[in-house]
Amino acid sequence: MSVRVTEEVVRWALRFCSRSSLCQHRSSLLTTSIKDKSFHTQQLALILGARQTQTSLSGSLVSSVRFYSQERTHNEDSEEKEHLSSSLPAEVRSDDPASRRPQWMSAFMDHLQGCGSPSDVLDLTCEYSPTPRQVSNCLTHMWSCMKKMTDEQRHYELRLMFEHPAFDQLLQMAMKNVGHMRSEDLAYSLLSIVNLGVPQRSRVVQTFLRACQENLNDFDEKGLSILSSCLENMEDSPNVSALKDGMRMVVEARLPTIRSVMSLQTMMRLLGKDTPMHLKRKLEGKALSMKDQFSLPNSQHMISTMATMGFHSKQLLEVCTKKIRENLNGIPFNRLFKVLMSCRDLHYRDFDLFKDISDYMASVIYIWTNKQVVLFLSVFENLGFCPDALMEVFAEKVIADPDVLTLKDLLCILKVYSSLNYDLQHQRQPFLDSLCQVLESYLPKMSRFELLRAVFSLCIIGHFPSAPLEQLLQNSTVEQLQTTSPKFLQNQSRLFRMVDLCLRLDRPALPRPLTVPSSFLGDSAPVRPSINPELSLCLRDVLGDEADRILEEKVVVENVYFIDAVITKPLPNQTSATEAISPAGEESRPVESSQRIAVICAPPSAICFGTSRPRGPLAVRIRHLRILGYDPVVVAEQELHSLSDEKRKEFLREQIFPEHHGAQTQPEMEQLGS
């Protein structure tokens with residue numbers, strides 16, 4: 001018995017020695033060091049077709065191996081391992097599965113868990129002869145170590161890993177044993193290899209993709225989920241596309257058997273936007289059937305998953321947003337921000353969700369950095385929602401310490417507060433003074449276009465600081481802006497036209513008069529969209545026989561502002577007085593003797609979501625129309641569509657003839673009072 005054990009020990013010792021000598025031999029061949037950022041591609045060129053030319057070396061490793069078939073080498077190793085295990089003394093063997101494994105296998109796994117870097121793992125593979133399962137464990141552990149490192153450490157360790165002579169050998173062993181790996185090991189190995197930076201079109205990655213295709217029916221729910229995570233970020237290639245197509249069929253067939261919400265979400269992300277609508281509906285039904293299992297992270301990820309798929313499911317979104325609203329305190333910044341970004345991508349807006357997030361952030365604003373708050377304000381602005389609570393508290397924070405704002409923060413704050421037309425009330429002047437103080441400190445550093453954007457936002461708000469305006473309109477700045485690329489000229493002209501209009505109509509008190517050069521105003525031909533047919537018909541019904549005389553449609557003012565309809569009607573109790581005062585033969589001026597009502601049909605994008613508050617561009621149009629003598633009446637397009645014909649007429653009648661409406665309601669109020 002002892003002789004047999006001795007023979008087996010000698011045999012394994014010889015095998016280990018041969019492995020060690022092979023590592024040393026490989027080390028002598030691979031002497032090229034990597035000294036720049038391109039070391040990934042340079043070193044891994046050895047694993048591509050160029051490595052195939054080294055027939056003597058590769059032959060010693062892989063021989064004439066077919067990477068997708070069961071191999072005799074593995075069978076022989078397995079038989080030898082079983083023989084060695086059976087030859088051990090009885091006291092060594094136990095009923096415990098871990099104890100039944102050969103002692104060297106347990107030692108290998110113990111040593112592997114102690115490895116703290118990919119290089120340590122590679123050193124370990126030179127001392128042992130890993131089984132197919134252990135090869136997968138090595139690759140997974142290497143990536144696990146890498147995830148825990150800082151960016152600087154990761155860069156350094158990756159360089160050491162690609163320079164290590166045993167790394168190429170480990171990949172060769174992975175290709176050799178790919179046919180013996182379980183489906184879960186295949187998925188973990190592929191995920192680790194890709195995440196470690198091995199080129200996706202290399203031989204080893206393509207070999208694993210082919211192996212996954214051939215064994216796809218053997219993948220369980222967990223294996224499919226891991227494989228989905230890997231394929232989600234891989235470049236398109238024939239093997240990747242084929243594997244994705246195969247996974248779509250497998251997922252559709254196995255959909256009723258999926259029990260894990262996380263696995264379902266992973267597969268949904270993999271299927272992506274190209275998924276047929278009938279399959280998206282099946283996935284939606286499966287997710288709704290599992291809604292009681294949704295945890296808070298599941299709800300967050302489901303919204304981002306739907307955004308990845310480009311699939312808007314109102315039912316599913318309502319389930320997820322309800323869960324999120326109930327647990328806002330437990331959601332970190334990144335995930336909460338991702339939820340809002342996904343809502344934007346899905347064109348989904350939930351007033352209660354947005355308001356709760358705004359209130360929550362306002363209550364804990366002390367834990368957020370300025371950059372984080374500005375990011376949230378920006379995405380709220382993209383969603384068309386005005387977070388009143390957050391904007392009020394943040395304005396106080398800016399007033400208290402404006403100097404901490406970066407130029408990027410400043411430009412974003414100006415854009416958001418002007419776009420959402422937030423009413424600062426008593427904080428307006430201190431807030432704007434604080435922003436202008438910071439803006440003036442950045443004047444020498446900012447580009448001319450950044451200065452134009454800042455001045456444009458301030459003009460929308462109705463604030464005209466002299467220093468930025470003078471610098472924008474001085475000759476040197478004008479000369480620089482004349483060299484603007486043609487693709488940006490249209491946007492630049494749009495901003496300048498608004499600045500010019502505000503200077504002419506608002507007439508701010510400046511040290512010296514300023515005007516925008518006409519060369520920057522571009523082609524100011526007005527856009528004349530068609531009037532809303534429902535609005536036109538309703539106005540004519542309200543005005544009756546006088547419509548043709550007092551109604552004018554599609555009016556353009558100052559060659560910029562489009563008005564859907566202008567109603568000119570005489571002022572009450574003023575016509576006769578005007579005629580008595582006016583000299584004989586002189587007609588009264590329309591502005592003095594009549595009222596001009598400008599009816600504006602505002603699309604949803606022109607009004608803050610969930611309110612009747614006009615956004616910046618519409619607000620400045622209303623301000624300027626009042627200066628020009630009009631009485632603006634804003635009719636929300638969405639509200640116009642939602643009302644019945646009678647209610648629509650009543651609504652317009654109240655807006656256009658408020659004196660008639662008041663006269664009709666006064667007797668009713670008196671009757672109620674009596």
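Residues numbered from 1 in each chain as written. Predicted model: local features only at pLDDT ≥ 70, side-chain atom pairs only at ≥ 80, totals over all residues. Heavy atoms only, no water.

K.L.:
Could you give me a rundown of the overall build of the chain, with the residues and numbers involved?
P.N.:
Along the chain, the regular secondary structure elements total 37 helices and four strands. When burial is assessed residue by residue, the chain has 48% of its 674 residues classed as buried. Of all intrachain contacts in the chain linking residues separated by at least 6 positions in sequence, the fraction that spans at least 24 positions is 74%. Here the chain displays about 34,100 Å² of accessible surface, and carbon together with sulfur accounts for 50% of that area. (Helix = DSSP H or I, 4+ residues; strand = E, 2+ residues; numbered from the N terminus. Buried < 20%, exposed > 50% of the residue type's maximum accessible area, 1.4 Å probe, protein only. Contact = heavy atoms within 4.5 Å. Areas by Shrake-Rupley, 256 points an atom, 1.4 Å probe, with all protein chains shown as cover.)

K.L.:
I'd like to hear about the environment of Arg453, residue by residue, with values.
P.N.:
Mapped onto the elements, Arg453 comes out in helix H26 (residues 448-461). Residues Arg453 and Phe496, spaced 43 residues apart in sequence, show a C-alpha to C-alpha distance of 9.4 Å. Sequence-distant contacts of Arg453, defined by excluding residues within four places in its chain, comprise Leu411 and Leu495.

K.L.:
Run through the pairing of strand E3 (residues 594-602), naming residues and quoting values.
P.N.:
Counting buried residues in E3 gives seven out of nine residues, a clear majority hidden from the surface. Relative to strand E4 (residues 630-636), E3 is paired through seven bridges, and the arrangement is parallel. Bridged to Ile597 within E4 is Asp631. Taken together, E3, helix H34 (residues 616-627) and E4 constitute a β-α-β crossover, and its handedness is right-handed. (Pairing = 2+ DSSP bridges. Right-handed = clockwise from strand over helix to strand, strands pointing away.)

K.L.:
Explain the nonpolar core residue by residue, including any values.
P.N.:
By size, the foremost hydrophobic cluster in this structure holds 178 residues, and its most contacted members are Leu227 and Tyr417. With nine residues, H26 is the largest single contributor of residues to this core. Residues in contact with Tyr417, not counting those within four places in the same chain, are Leu377, Met391, Phe394, Ala395, Tyr422, Leu424 and Phe431. The next biggest cluster of nonpolar side chains, apart from the first, holds 21 residues, and it includes Cys538, Ala547, Val633 and Phe657. (Core = buried A, V, L, I, M, F, W, Y, C linked by side-chain atoms within 4.5 Å.)

K.L.:
So what's going on with the state of the cysteines? Which residues, and what values?
P.N.:
Disulfides are covalent bonds that connect the sulfur atoms of two cysteines. Inspection of the entire model under this criterion finds zero disulfides. For the unlinked cysteine Cys115, the closest cysteine sulfur is that of Cys145, found at 7.1 Å. Free of any disulfide, Cys459 has its nearest cysteine sulfur in Cys502, 4.7 Å distant. A relative accessible area of 1% means that Cys459 is categorised as buried. (Disulfide = S-S within 2.5 Å.)

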